[in-house]
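Structural features, examined
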Amino acid sequence: MSKDIRIKKGLDIKLVGGAEKTTTSISLSSFYAIKPEDFHGITPKLIAKEGTEVKAGEALFYSKSDERILFPSPVSGKVESIIRGERRKVLAIKIAADTDQKHQDFGTKDAATMSAEEVKNHLLASGCWPFVKQRPYDVVANPNQVPKAIFVSAYASAPLAADLDYTLNGKEAELQAAITAVSKLTEGKVHVSVGKNANSPLASLKDAEIHKVSGPHPSGNVGTQIAKIDPINKGEVVWVITPQDLVVIGELLLTGKLNITRTVALTGSKFNKPHYVTAIAGAQISDIATGNLENDNTRVISGNVLSGKEVKEDGFIGYYDNQITAIPEGDDYEFFGWNKPIFNKISTSRALTFSWLNSKKKYDLNTNTNGEHRAFVVTGSYEKVFPLDVYPMQLLKACMYKDLDEMEALGAYEVAPEDFALTEFICVSKQPHQKIIREGLDLMREELG
C-alpha cells in the first residue's frame, strides 16, 4: 500500500549541467581519505596509526562516546598519514590504496532469520552503523535507543541531484535484504518515499510502507517527509538511512564484504561531460573528475549546491555524498547589478527579476551571494519555500540568541540544517541559516541530551 505526499511550498532551482545517464567506471584512486568531520558530533579515537596496513572494512577509529561505533577503511592499503589541525584535532586519515584490494570477511547473513540484536551487533561490528543517522539533531544514531520509525528517501529533489532510480537500478536484492534487516530495529514502520511518477527499485519492497512524493524541492528532503508522515515530538527518535547506504548494508549481508562503492553524479556547468561514475567513498576528486573538469575559476562542491561542502580538486569526496558539483566561482561583481532588469538569475521576488516568466529555463548560476551580510529583516519570503509546520524566522533567531526553551517550543527537534538550505538561498539578509541551525542543534544536544 502506498500513500501520496504532495508538497506545495518550495522552489525548484533548475541549473545547467545535469548528469547524462551514462556510467563510467573509474580506476582505483591512489589515495583515499576518511574525514571525521563527515560524522557530525563524533569525537574520534584512533585505532590505526601511520604505516598500519588495513583491509577494506577494517576499523580506522571509533567514537569516544561509544566504542562499539566503528568507522572503517573504504579500501585496503597503508595508512599514509593522519592529518591534524588545531589542538591536534584529527581532520583526515589518508590511505594509500593497494592495487589488489583485500576485504575483511564479516560472513554472510540471512536478514529474515536475524533478531534485532543480531542485526544491530552486525552493523556495529562491520562499521555500517554510521550509515544510520537519527533525528533529532541529525547525527549518527545512538544504538542504545529504539526509534519509533525509520525513514528512507529515494526521491532526490535537490538541484542537479543524482537520479536515484538510475543509480539504484539492478540493486533490488541488496535493497530488500537491507530493508528486511533494519525493519527489525524499530517497533514502528520503515517508511520509504519514492517519486510519484518514478520507476524506483524501492517501490515494490516488502517490510516497508511506500509513499509517493511530488512537489518542488525540498519535497525530497527526508525531514519534509518525516513532518508529513510521522512528525517528531519531544522525547521521540526516528532513524534515517539513505538508499545508497542501504545498498552497502544489503551487500554486506549477502556477501560478507563491506563495499562502499557508489554511483556518483558529476554535475554542473564546469564539467565538460556531466555524467555518472562509480567511485569508492573517500576517493580523491582529481581522480573522479580526471580530464573532465574545467579548472578556470571553478567552485567544486562535494554534494549539491545548497547543502554540499566546498572541496579542492586535490580533496576527497564526502563519506555520504553521491554527487560532485562544479559551478563558476562568484568573484565578479556587476555595476548597478541591483538596479536593472535581471534575466539570468533566479529569484522568488518579482522585483526586477523575470525568472518567473519561464519556469522551465535552466540557469548557469555562480557562487556570488549578490549582496553583503546584513541584519535580519522580516520579509515573509521564508514561509513560501518552507513546507514544515515551523516558523523558520523565529526558530533561526531563537538559535542565534540560544534560548533553549524557545527552540524546543518552535520545533527544533524536527529540523536539520539541510531543511534551511532553501531559506538560506533566498535570504535577502545573506545569513548562514544552515550554520545557525547546526549550532543551535549542537547546543540542544549538549544541554538537553
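Notes on the structure follow. (Residues numbered from 1 in each chain as written. Predicted model: local features only at pLDDT ≥ 70, side-chain atom pairs only at ≥ 80, totals over all residues. Heavy atoms only, no water.)

Under the defined criterion, the tally for this structure stands at 21 salt bridges. For the salt bridge of Lys234 with Glu408, the shortest nitrogen-to-oxygen distance reads 3.4 Å. You can see Lys234 sitting in the loop between α4 (222-229) and β15 (238-240) and its partner Glu408 sitting in helix α9 (residues 404-409), a full 174 residues away along the chain. The salt bridge involving Asp442 is made with Arg438; its shortest N-O contact spans 3.4 Å. (Salt bridge = Lys/Arg side-chain N within 4 Å of Asp/Glu carboxyl O. Helix = DSSP H or I, 4+ residues; strand = E, 2+ residues; numbered from the N terminus.)

Here the second largest pocket defines a volume of roughly 700 Å³. Lining the second largest pocket are 25 residues, and of these Ala156, Ser157, Ala158, Leu160 and Ala161 lie nearest its centre. For the lining of the second largest pocket, the per-class residue count stands at 14 nonpolar, five polar and six charged. (1 Å grid on protein atoms, 1.4 Å probe; cavity = no way out; pocket = protein on both sides within 12 Å on 5 of 7 lines; lining within 4 Å. Points joined across faces, edges and corners; volume = space filled by probe spheres on them. Nonpolar A, V, L, I, M, F, W, Y, C, P; charged D, E, K, R; others polar.)

Now for the environment of Thr261. Mapped onto the fold, Thr261 is located in strand β16 (residues 261-267). Considering only alpha carbons, one finds Thr261 and Gln244, 17 residues apart in sequence, at a separation of 9.1 Å. Non-local contacts of Thr261, meaning those with residues more than four positions away in its chain, are made with Thr278, Ala279 and Ile280. Separated by 2.6 Å, the side chains of Thr261 and Asn259 make a polar contact. (Contact = heavy atoms within 4.5 Å. Polar contact = N/O pair within 3.5 Å; in protein donor to acceptor, adjacent residues only side chain to side chain.)

If you look at the biggest cluster of nonpolar residues, it comprises 76 residues, and the most contacted ones within it are Phe39, Leu60, Trp129, Leu202 and Ile324. In this view, Leu202 contacts Val152, Ala154, Leu168, Leu175, Val192, Val194, Ile210 and Leu246; residues no more than four positions away in its chain are not counted. Listed in part, the 35 residues of the second largest apolar core include Phe376, Leu388, Cys427 and Ile437. (Core = buried A, V, L, I, M, F, W, Y, C linked by side-chain atoms within 4.5 Å. Buried < 20%, exposed > 50% of the residue type's maximum accessible area, 1.4 Å probe, protein only.)

Below, the discussion takes up helix α5 (residues 243-255). Three- or four-residue spacings in an α-helix give side chains the same orientation, since the helix completes a turn every 3.6 residues. Spanning 13 residues, α5 covers 18 Å between terminal C-alpha atoms, matching the ideal 18 Å at 1.5 Å per step. Along α5, 11 of the 13 residues are buried, which leaves the element largely enclosed by surrounding structure. Taken residue by residue, α5 has Pro243, Gln244, Asp245, Leu246, Val247, Val248, Ile249, Gly250, Glu251, Leu252 and Leu253 as its buried positions. Along its buried surface, α5 packs onto α1 (116-126), β12 (149-153), α2 (164-167), α3 (172-182) and β16. Positive phi appears at Gly256, one or two residues downstream of α5, with a value of about 85 degrees. (Expected span 1.5 Å × (residues − 1).)

Attention shifts here to the sheet that holds strand β6 (residues 59-63). The strand order β4-β6-β7 describes an open sheet built from three strands, whose pairing is antiparallel. Only two strands of the sheet have a single partner each, and these edge strands are β4 (44-46) and β7 (70-72). Put simply, the sheet's adjacent strands are angled 35 degrees from each other on average, direction ignored. The pairing of β4 with β6 spans three bridges and is antiparallel. Residue pairing for β6: Leu46 is matched across the bridge by Phe61. (Pairing = 2+ DSSP bridges. Axes fitted to C-alpha atoms, helices over the stretch in contact; angles between N-to-C directions.)

What follows is about the sheet that holds strand β9 (residues 90-97). Across a sheet, paired strands are connected by hydrogen bonds in the backbone, their directions being either parallel or antiparallel. Judged by pairing direction, the sheet is antiparallel, and its four strands sit side by side in the order β3-β9-β8-β5 without closing on themselves. Every other strand in the sheet has two partners, leaving β3 (31-34) and β5 (53-54) as the edge strands with one partner each. Sheet topology places β5 next to strand β8 (residues 77-84); two bridges connect them, and they run antiparallel. Bridge pairing in β8 links Val54 to Gly77.

With that out of the way, let us pick up the state of the cysteines. When the sulfur atoms of two cysteines share a covalent bond, that bond is a disulfide. Scanning all chains against the criterion turns up zero disulfides. Considering cysteine sulfurs only, Cys427 is the nearest to Cys399, which forms no disulfide, with 14 Å between them. Judged by its relative accessible area of 2%, Cys427 falls in the buried class. (Disulfide = S-S within 2.5 Å.)

Turning to unusual backbone geometry, a few remarks are in order. Glycine aside, negative phi is the norm for most residues, and most peptide bonds take the trans geometry. Following Arg135, the chain continues to Pro136 via a peptide bond in cis, the omega torsion being 5 degrees. In the segment running from His217 into Pro218, the intervening peptide bond is cis, with an omega of 20 degrees. Not every positive phi belongs to a glycine, and Asn297 is a case in point at roughly 55 degrees. Position of Asn297 relative to the elements: it lies in the loop between α6 (285-288) and β18 (298-302). In this structure, Lys430 takes a positive phi of about 55 degrees despite not being glycine. When you line up the elements, Lys430 lands in the loop between α10 (421-426) and α11 (433-448).

With that settled, consider the packing of helix α8 (residues 392-400) against α11. Where α8 contacts α11, the axes come no closer than 9 Å and their chain directions differ by 60 degrees. Looking at the two axes, α8 sits oblique to α11. Relative to α11, α8 is oriented so that their crossing is left-handed. Along the contact surface, α8 presents Leu395, Leu396, Cys399 and Met400, while α11 presents His433, Ile436, Ile437 and Gly440. For the contact of α8 with α11, the class distribution of residues is six nonpolar, two polar and no charged. (Parallel < 35°, antiparallel > 145°, perpendicular 65-115°, else oblique. Left-handed = near helix turned anticlockwise from the far one by under 90°.)

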